[in-house]
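Structural overview
Single-letter residue listing:
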Amino acid sequence: MNLFTPAEVAKNYIATGKAKVNTPVSKMFVLAILAGAFIAVGGVGATTAAVSVPLASVGKFVGACVFPGGLSMVLLAGSELFTGNTLLVIPLLEKEISPAGMLKNWVVVYLGNIVGGFLIAAGIVYSHQVSLFGNQMAVSVLSTAAGKCTMPFGDALIKGILCNFLVCIAVWISFAAKDVAGKIAGLFFPIMMFVLCGFEHSVANMYYISAGLFAKGIPEYAEAAAEAGVNLDAVTWGGFFGGNLLPVTIGNIIGGAICVGCAYWFVYLRKGQAK
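The shown structure was predicted, so the numbers you read here are calculated from the model rather than taken from an experiment.

1. Quick word on the packing of helix 3 (residues 56-66) against helix 9 (residues 180-197)
Across the interface, helix 3 lies against helix 9 with an axial gap of 8 Å and an inter-helix angle of 140 degrees. By the criterion of interaxial angle, the relationship of helix 3 to helix 9 is oblique. Where helix 3 crosses over helix 9, the two elements pack in a sense that is right-handed. Contact residues: Lys60, Phe61, Ala64 and Cys65 in helix 3; Phe188, Met192, Val195 and Leu196 in helix 9.

2. Looking at a nonpolar patch on the surface
Taken together, the side chains of Phe29, Val107, Leu111, Val115 and Leu119 present a nonpolar region at the surface, about 410 Å² in accessible area. With four residues, helix 6 (residues 99-126) is the single largest residue contributor to the nonpolar patch. As for its position among the elements, Phe29 is in helix 2 (residues 25-52). Look at Phe29 and you get partly exposed, because its relative accessible area is 30%.

3. Structural notes on helix 11 (residues 219-227)
Of all the positions in helix 11, only Tyr221, Ala222, Ala224 and Ala225 are classed as buried. Take helix 11 and look down its axis: the buried residues cluster within an arc of 165 degrees, on one side only. Away from its buried face by more than 90 degrees, helix 11 exposes Pro219 and Glu227. Packed against the buried residues of helix 11 are helix 6, helix 7 (132-149) and helix 10 (202-216). The positive-phi residue at the C-terminal boundary of helix 11 is Gly229, with phi of around 90 degrees.

4. Describing the pattern of salt bridges
Under the definition given, this model contains three salt bridges. Glu80 is the salt-bridge partner of Lys20, the closest N and O atoms lying 3.3 Å from each other. With Lys20 in helix 1 (residues 6-22) and Glu80 in the loop between helix 4 (68-77) and helix 5 (89-93), this residue pair connects regions lying 60 residues apart in the sequence. With respect to burial, Lys20 and Glu80 carry one shared label: buried. Glu200 is the salt-bridge partner of Lys148, the closest N and O atoms lying 3.0 Å from each other. In this pair, Lys148 sits in helix 7 while Glu200 sits in the loop between helix 9 and helix 10, placing the two residues 52 residues apart along the sequence. The pair Lys148 / Glu200 is uniform in exposure class, with both members buried.

Rules behind the numbers
- Counting restarts for each chain, with residues numbered from 1 along the sequence as it is written.
- With the structure being a predicted model, the display of local features is reserved for residues of pLDDT at least 70 and the display and counting of side-chain atom pairs for 80 or more, all residues being used for whole-chain, interface and lining totals.
- In computing side-chain values, all of the structure's heavy atoms are included and hydrogens and water are not.
- Axis angles are defined between N-to-C directions and span 0 to 180 degrees, where every axis is a line fitted to C-alpha atoms and, for a helix, only to the segment in contact.
- Helix numbers and strand numbers start at the N terminus; a helix is a DSSP run of H or I with at least 4 residues, a strand a run of E with at least 2.
- The scheme is simple: roughly parallel for angles under 35 degrees, roughly antiparallel for over 145, roughly perpendicular for 65 to 115, oblique for anything else.
- Working rule for handedness: look at the near helix, and if it is turned counterclockwise from the far one by less than a right angle, call the crossing left-handed; if clockwise, right-handed.
- Between two residues, a contact is recorded if the distance between any of their heavy atoms is within 4.5 Å.
- What goes into a patch is any residue over 30% in relative accessible area without a salt bridge, connected to like charges within 9 Å or, for nonpolar side chains (Val, Leu, Ile, Met, Phe, Trp, Tyr), within 5 Å.
- Shrake-Rupley sampling with a 1.4 Å probe provides the accessible areas, and residues are treated as covered by the protein chains on show and by no other component.
- Salt bridges are identified by distance alone: a Lys or Arg side-chain nitrogen within 4 Å of an Asp or Glu carboxyl oxygen.
- Burial classification: accessible surface area is computed with a 1.4 Å probe over protein chains only, and a residue below 20% of its type maximum counts as buried, one above 50% as exposed, and the rest as partly exposed.
- This arc corresponds to the set of directions leading from the helix axis out to the C-beta atoms.

See the structure below:
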């Protein structure tokens, strides 16, 4: 077969996880910056595609179909993504890595992902990329950031769980494929569905909300958004970190580590009796 079975994926991920944890911190951080940038570029493409379509519902679907390109780059170009690395719970449960090693990876990768997201956000705002379509892209960027910053804690937490359940399933399916085409095809639908449904991805939000914060500081973009009815007062650093990233990150950990990682470890690896 031109694919690995779920049991084989589970076994193979033990070696993958050990390699991730044992990567030197400097390399881990650079790879994390790249992953944050890849996901951010997927977000830029999704927003650009969505705004370019006159009908909002169709635009949202088109944008959701573009966004998976970000994870394709993460998995095929080589990088470290926090949300996918919640699957490190699998080698942890197999006692192949330590809790300290897993947490070190999560912290370093999370910080690197933030840097990558910020760099792309700054790049598209200060290069005036968001002035496309008569500043309508800037309006979309600020509207998205405002919506994420004002989302109730419980909503953000649950949407974070649902999101990373799908993201880790996408990663799992991509690991099952043995060729590039299979990996891209396998990850496409779970990622497209999470974007279409409006679930919350912490690394994507590192780009989406920081882009809104940067755009808010440019008068022409802020004015266009205010005229469109966007609540600019909601776009704050506190709303970014405390109002959104905190609950979404917790939800992403639950969705990836528990709902996918622990579940597949229990089914395929518990007591070493793989099926």
